Amino acid sequence: NAHGWPQLQKLVLDDLISSSDKLANSDSVVKYGMCLLQNFYSHLDHDDQLRILNLIFKNNTRLGQDMIEAPNIPACKKIVIKSLGKSLEPQLNKQTSSIFIFNPNAGKSKEGEQVNWVCDEFGEVLVKLENPLLHSLQLFDIRCIVEGGLAECYPGTITIYPKQTVDIVLTIKPRQPGILKLVGIKLQLCGVPSHFKVASSATISVSKSMPLLVLKSDIPATLSLYEGEVTELCCRIANNSNFPIEHLDILDNCSRTGSVFQYSD
């Protein structure tokens, strides 16, 4: 539609950008340029998008450090907080305060399944981003924005080609136990600090730092023995952490009644 309210707003913003550029007012060029790009990109043709991107990039060096909200470029399609994996997830004893042995509501959460991380262990967040423009976007310093606890959020860099959707994995290292909330993602778009909010803040439960055990063994994938036959298998357990372990219980998950394993140092 070449007419109507969106086209009028686009023309007004375009005039403001041109006037600000002539007056060498870099802050205004970036402000109005980002507004035009974020809200009216579908009304801009190939050349207009390129012109606005170049103007923003040329004038961003004198912009202050305040982040500009960028809800549409890039568009965030999905955010998934990844679990640590079975080998790194904290093994916690689940206790219940119910006086009944069976409770149909036990283990159910109104806010959905909660992800458990461990203090000082790297966690990952999968972010799916889409570039709706007709030109490639170079995004720098992409980081998670978290609240509720001390954490280190590591940056990522990516180039998204026109009309492309990509996945980027961002890394977080929680530094204290407690509840960590993911509230948004920040990045640099054309050199301009920008951010977008997560629709509903995602919660991560961070457990205190704990020992990390690594098991190495020569146990084959399948082992066939006759009844009464005895064989020896060697397992080496290493403590790959700075926490001493004074006592270790070893349990087998053999499906037979009664243990068929005997352990020795």
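Residues numbered from 1 in each chain as written. Predicted model: local features only at pLDDT ≥ 70, side-chain atom pairs only at ≥ 80, totals over all residues. Heavy atoms only, no water.

1. Considerations on the packing of helix 2 (residues 26-40) against helix 3 (residues 46-59)
Going by this rule: Axes, fitted as lines to C-alpha atoms, cover a helix only where it is in contact. Angles between the N-to-C directions of the axes lie from 0 to 180 degrees. Starting at the N terminus, helices and strands are each numbered in turn, a helix being any DSSP run of H or I of at least four residues and a strand any DSSP run of E of at least two. Crossings are assigned a handedness: left-handed for a near helix turned anticlockwise from the far helix by less than a right angle, right-handed for a clockwise turn. Contacts are assigned to residue pairs that have any heavy atoms within 4.5 Å of one another. Any residue that is not Ala, Val, Leu, Ile, Met, Phe, Trp, Tyr, Cys, Pro, Asp, Glu, Lys or Arg is counted as polar, Gly included; the first ten are nonpolar and the last four charged.
Interaxial distance between helix 2 and helix 3 falls to 9 Å at its minimum, and their mutual angle equals 145°. Classified by chirality, the crossing of helix 3 by helix 2 is left-handed. Contacts from S26, V29, V30, G33, M34, L36 and L37 of helix 2 reach helix 3 at I52, L53, L55, I56 and N59. Residues of the contact of helix 2 with helix 3, tallied by class, amount to nine nonpolar, three polar and no charged.

2. Re the packing of aromatic side chains
Going by this rule: For this analysis, a ring pair means two rings from Phe, Tyr or Trp (six-membered ring only for Trp) whose centres lie within 6.5 Å, classed as stacked if their planes differ by under 30 degrees, edge-to-face if by over 60, and tilted for the remaining angles. Note on classification: 1.4 Å probe, protein chains only; a residue is buried when its accessible area is under 20% of the maximum for its type, exposed when over 50%, partly exposed between these limits.
Counted by the stated rule, this structure contains one aromatic pair. Between the aromatic rings of F122 and Y154, the centroid separation amounts to 5.7 Å while the plane-to-plane angle is 55°, which identifies the pairing as tilted. You can see F122 sitting in the loop between strand 3 (115-118) and strand 4 (123-130) and its partner Y154 sitting in strand 6 (residues 151-154), a full 32 residues away along the chain. Residue class for F122 comes out partly exposed when judged on its relative accessible area of 46%.

3. Things to note about helix 1 (residues 5-22)
Selection rule: Residue count minus one, scaled by 1.5 Å, sets the expected span of a helix. Throughout, the arc means the angular range of directions from the helix axis out to the C-beta atoms.
Look at helix 1: 26 Å from first C-alpha to last across 18 residues, which is about the 26 Å you get at 1.5 Å a residue. Residues Q7, K10, L13, D14, I17 and S20 constitute the buried set of helix 1. The arc enclosing the buried residues of helix 1, seen along the axis, measures out at 150°, which places them on a common side. Exposed and oriented more than 90 degrees from the buried face of helix 1 are W5, D15 and K22. Against helix 2 and helix 3 lie the buried residues of helix 1.

4. Focus: the packing of helix 1 against helix 3
Threshold: Throughout this description, any angle smaller than 35 degrees is read as roughly parallel, any larger than 145 degrees as roughly antiparallel, any in the 65 to 115 degree range as roughly perpendicular, and the remainder as oblique.
Two numbers describe how helix 1 lies on helix 3: the axes approach to 12 Å, and their chain directions differ by 40°. The angle between helix 1 and helix 3 places the two elements in the oblique class. The way helix 1 lies across helix 3 gives a crossing that is left-handed. Contacts between helix 1 and helix 3 involve K10, D14, I17 and D21 from the former and D48, R51, I52, L55, K58 and N59 from the latter.

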